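# Reading the structure
The lines below spell out each chain.
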Amino acid sequence: KNMKSLKKEKLYTVNEVAKMYGVTTHTIRFYTDKGLIPPLKRDKNNNRLFDAECLNWLEGCICLKGCGMSIKDLKHYGELCLTGESTLNERYKMIVKYRDLAKENLTNAQKVLDYAEHKVKHYEDIIKRKTYDNSNPSTWTKSELDCRK
């Protein structure tokens, strides 16, 4: 063995990993309990320990979950990854599906932000007396009600 393989790899606790990724310890435990981090290690007291490979799996889960991937699909995707290259096309289709969902969510978030920006400007105009106060929702027209335009 070379000298690198003799060097002890850093292992991280659930608390350390949660802080590193800005998620709760509950989220970390949930992902591990669902089997989404297959190379997970445990210490003599059965506490979860994470090495670099575990962190890779976890980061993938967090990112794909952020795209809208369900836990069921995360599990299936992980199983496909472990199966290997023969599943490449199926994994690709899953990633495209969730990329498209993320794009749709981004578009919807932009519409909501645009609406909020419009409302902020409108309130600023009311405060500066550039327009009258029509900020009461009961007086809005239909177009003012729809933030999903």
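All of the points below concern the structure found in this document. (Residues numbered from 1 in each chain as written. Predicted model: local features only at pLDDT ≥ 70, side-chain atom pairs only at ≥ 80, totals over all residues. Heavy atoms only, no water.)

On to helix H6 (residues 88-127). Working note: α-helix, 3.6 residues per turn, so residues spaced by three or four point in the same direction. For H6, built from 40 residues, the straight-helix expectation of 58 Å at 1.5 Å per residue is met to within 8% by its first-to-last C-alpha distance of 57 Å. Those residues of H6 that fall on the buried side of the exposure criterion are Arg91, Met94, Tyr98, Lys119, His122, Asp125 and Ile126. Residues of H6 that are buried sit in contact with helix H5 (71-83). (Helix = DSSP H or I, 4+ residues; strand = E, 2+ residues; numbered from the N terminus. Expected span 1.5 Å × (residues − 1). Buried < 20%, exposed > 50% of the residue type's maximum accessible area, 1.4 Å probe, protein only. Contact = heavy atoms within 4.5 Å.)

Our focus in this paragraph is the packing of H5 against H6. Closest axis-to-axis distance for the H5/H6 pair is 10 Å, and the angle between their directions is 145°. Of the two elements, H5 crosses H6, and the hand of that crossing is left-handed. Here Asp73, His76, Tyr77, Leu80 and Cys81 of H5 come into contact with H6, specifically with Glu90, Arg91, Met94, Ile95, Lys97 and Tyr98. (Axes fitted to C-alpha atoms, helices over the stretch in contact; angles between N-to-C directions. Left-handed = near helix turned anticlockwise from the far one by under 90°.)

This next bit is on the environment of aspartate 125. Tracing the backbone shows aspartate 125 in helix H6. When near neighbours in sequence (up to four residues on either side) are disregarded, aspartate 125 contacts Lys130 and Thr131.

For the rest of this paragraph, the subject is helix H4 (residues 52-66). The first and last C-alpha atoms of H4 sit 21 Å apart over 15 residues, in line with the 21 Å expected at 1.5 Å per residue. Those residues of H4 not exposed but buried are Cys54, Leu55, Trp57, Leu58, Cys61 and Leu64. Buried residues in H4 make contact with helix H2 (14-21), helix H3 (25-33), strand E2 (48-49), H5 and H6. Between the side-chain oxygen at the start of H4 and the backbone nitrogen of glutamate 53 there is a gap of 3.1 Å, and the oxygen is on aspartate 51. Residue glycine 68 follows H4 closely and has a positive phi angle near 105°. (Polar contact = N/O pair within 3.5 Å; in protein donor to acceptor, adjacent residues only side chain to side chain.)

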